[in-house]
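# Coordinate inspection notes
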Amino acid sequence: MTSTPGSAGPTAATTPPPSEPAPRVERFSRAERWTHRTTAALALLCVATAAALYVPQVAELVGRRELVVTVHEWAGILLPAPFLLGLGSSAFRADLRRLNRFGPHDRTWLRAARRRDRRRASRPAGKFNAGQKVYASWIAGAVLVMLATGLLMWFTHLTPLVWRTSATFVHDWLALAVGVVLAGHIKMALADPEARRGMRTGSVARSWAAREHPLWREAGPGSRTEPGPGSRPEPGSGRGDG
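Calculation notes
- Residues numbered from 1 in each chain as written.
- Predicted model: local features only at pLDDT ≥ 70, side-chain atom pairs only at ≥ 80, totals over all residues.
- Heavy atoms only, no water.
- Helix = DSSP H or I, 4+ residues; strand = E, 2+ residues; numbered from the N terminus.
- Buried < 20%, exposed > 50% of the residue type's maximum accessible area, 1.4 Å probe, protein only.
- Contact = heavy atoms within 4.5 Å.
- Areas by Shrake-Rupley, 256 points an atom, 1.4 Å probe, with all protein chains shown as cover.
- Core = buried A, V, L, I, M, F, W, Y, C linked by side-chain atoms within 4.5 Å.
- Axes fitted to C-alpha atoms, helices over the stretch in contact; angles between N-to-C directions.
- Left-handed = near helix turned anticlockwise from the far one by under 90°.
- Nonpolar A, V, L, I, M, F, W, Y, C, P; charged D, E, K, R; others polar.

### Description of the overall build of the chain
- Scanning the chain for helices and strands turns up 10 helices and two strands.
- Counting from the amino terminus, the chain carries its helices and strands in the arrangement β-α-α-α-α-α-α-α-α-α-β-α.
- A burial count over the chain gives 31% of its 242 residues as buried.
- Taking the intrachain contacts of the chain between residues at least 6 apart in sequence as the baseline, contacts between residues at least 24 apart amount to 64%.
- Here the chain displays about 15,800 Å² of accessible surface, and carbon together with sulfur accounts for 65% of that area.

### Description of the nonpolar core
- Among the nonpolar cores identified, the biggest contains 11 residues, and these are Leu-42, Ala-43, Cys-46, Ala-75, Leu-79, Ile-139, Ala-142, Met-146, Leu-174, Val-178 and Leu-182.
- Every element with two or more residues in this core is listed here: helix 1 (30-54), helix 7 (130-154) and helix 8 (161-190).
- Discounting residues that sit within four places of it in the chain, Ile-139 has contacts with Val-178 and Leu-182.
- Counting six residues, the second largest nonpolar core, distinct from the first, contains Val-25, Val-204, Trp-208 and Trp-216.

### A look at the environment of Asn-129
- Among the secondary structure elements, Asn-129 is positioned in the loop between helix 6 (104-114) and helix 7.
- Separated by 86 residues in the primary sequence, Asn-129 and Leu-215 have C-alpha atoms spaced 9.6 Å apart.
- Residues contacting Asn-129, with those up to four places away along its chain left out, are Asp-106, Trp-109 and His-213.

### Focus on the packing of helix 7 against helix 8
- Across the interface, helix 7 lies against helix 8 with an axial gap of 9 Å and an inter-helix angle of 145 degrees. The chirality of how helix 7 crosses helix 8 is left-handed.
- Residues of the contact of helix 7 with helix 8, tallied by class, amount to 17 nonpolar, five polar and one charged.

This is the structure:
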């Protein structure tokens, strides 16, 4: 309580009301986040051990080539495991259906990307944009090819020499392409803190969702907001095309 000269009495010091937290919307379930994390960890382990096998400077620093080979082989074998386990989640299956659905708005997005048109109105997107759908399809196919060629290189006594030679060629060059694509994926993630927060915590700001994914239904005016402390989050929705 304070008083000022000439005032009728003491006045209370006013404090601004606490600001309301920005409304948030659920984007990824816990199962989806763990599937992404374990897949990313195995993929980075494959890339790191591959560098230790094929880059002389890295190989000299690491040494223990036999151990590196074993780790690389088993990391590659286990790479599809998180995906297969994730199929037990209804939210994960719903997002797979979204990724596999390519609509007219995705073609509009790709045309804008080809023209380097960065206007938001030119790049309509549902929960996943067309670039994310193309990336997911490409990386899934690349993992299958890498797994098949890696097995041909591992079990050398089961296949003729020409198969092993071809498998080695495809495996090595595709590994380089995967490394470049993963680097691009990481670069784009680093440029979008809210997208990273969505993968880390499971929710994103509704304003971000409306700006980056305007056709995503769950991010619309009637969507769920992030539950408060102590409340139970609602399960992820698998409905809709967005």
